[in-house]
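Examination of the molecular architecture
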Amino acid sequence: EQENACKQEFGACVWDGARPRVYFDQSPWHGELVCAASIVVEVDASMCGLTTLSPALLRFANVSSMDLRGNDLIRFGTVLLELDGRADVLRLDDVLPNVHTVDWSSAGLRSLHVKELLSRAPNLEILRIENNSLISLEELASCACAESLRVVNASNNPIADLNDEF
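Below: a short report on this structure. (Residues numbered from 1 in each chain as written. Predicted model: local features only at pLDDT ≥ 70, side-chain atom pairs only at ≥ 80, totals over all residues. Heavy atoms only, no water.)

**A look at the state of the cysteines**
Where two cysteines share a covalent bond between their sulfur atoms, that bond is called a disulfide. Applicable threshold: A pair of cysteine sulfur atoms is labelled a disulfide when the two atoms are within 2.5 Å.
Inspection of the entire model under this criterion finds 3 disulfides. Numbered in order of appearance, the disulfide-bonded cysteines of the protein are paired 1-3, 2-4, 5-6.

Rendered as structure tokens:
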């Protein structure tokens, strides 16, 4: 029963790829088991059919390896940023052609993560990076996605002068 609850919370394919899978008794009186996501150190979520990344993935607090290759991601959100910062080895496909939108608004960004993440999205059309701590957009010019970008919302960032950027 708890196995099914964990599969519902994280997705069946993601939970099946989690190692180790441990269940803890949350309460000695009720005998209610919970998914011990903080024990998980490796997640193989490759070929799981993911199109977006669920915030539930962040419950794997001690993950050191997460394989997300072979999925059809269409959007980068803040979950990917947090995972990229925590996992020693975050494996993504080299090219994610279906990612058209990145929403990193209010994500505390100081960098655009062009080399690590944005360069994997050559067909990116919409980049939402408002309300961050970005001081420059210069690295965006070197991104493989620069040609396809239609909308960049960078409002409420301490960027000195956009005329100097492009």
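**Details of the packing of aromatic side chains**
As a reminder of what qualifies: A pair of aromatic rings is counted whenever rings of Phe, Tyr or Trp (Trp by its six-membered ring) have centres within 6.5 Å, and the orientation is called stacked for planes under 30 degrees apart, edge-to-face for over 60 and tilted otherwise. What counts as a helix is a DSSP run of H or I of at least four residues, what counts as a strand is a run of E of at least two, and both are numbered from the N terminus. The cut-offs for exposure are 20% and 50% of the maximum accessible area for each residue type, with area from a 1.4 Å probe on protein chains only; residues under the lower value are buried, those over the upper are exposed, and the others partly exposed.
This model, assessed by the stated rule, comprises 4 aromatic pairs. On the basis of an interplanar angle of 15 degrees and a centroid distance of 6.5 Å, the ring pair of Trp15 and Phe60 is categorised as stacked. Of this pair, Trp15 sits in helix α2 (residues 12–16) while Phe60 is found in the loop between β4 (42–44) and β5 (65–67), placing the two residues 45 residues apart along the sequence. An identical accessibility class is assigned to Trp15 and Phe60; each is buried. Measuring from centroid to centroid gives 6.5 Å for Phe76 and Trp104, while their planes differ by 10 degrees, and the two rings are stacked. Within this pair, whereas Phe76 is found in strand β6 (residues 75–76), its partner Trp104 is found in the loop between β8 (101–103) and β9 (126–128), the two being separated by 28 residues in sequence. A single burial state applies to Phe76 and to Trp104, both of which are buried. Put simply, the rings of Phe10, Trp15 and Phe60 pair up and form one aromatic cluster.

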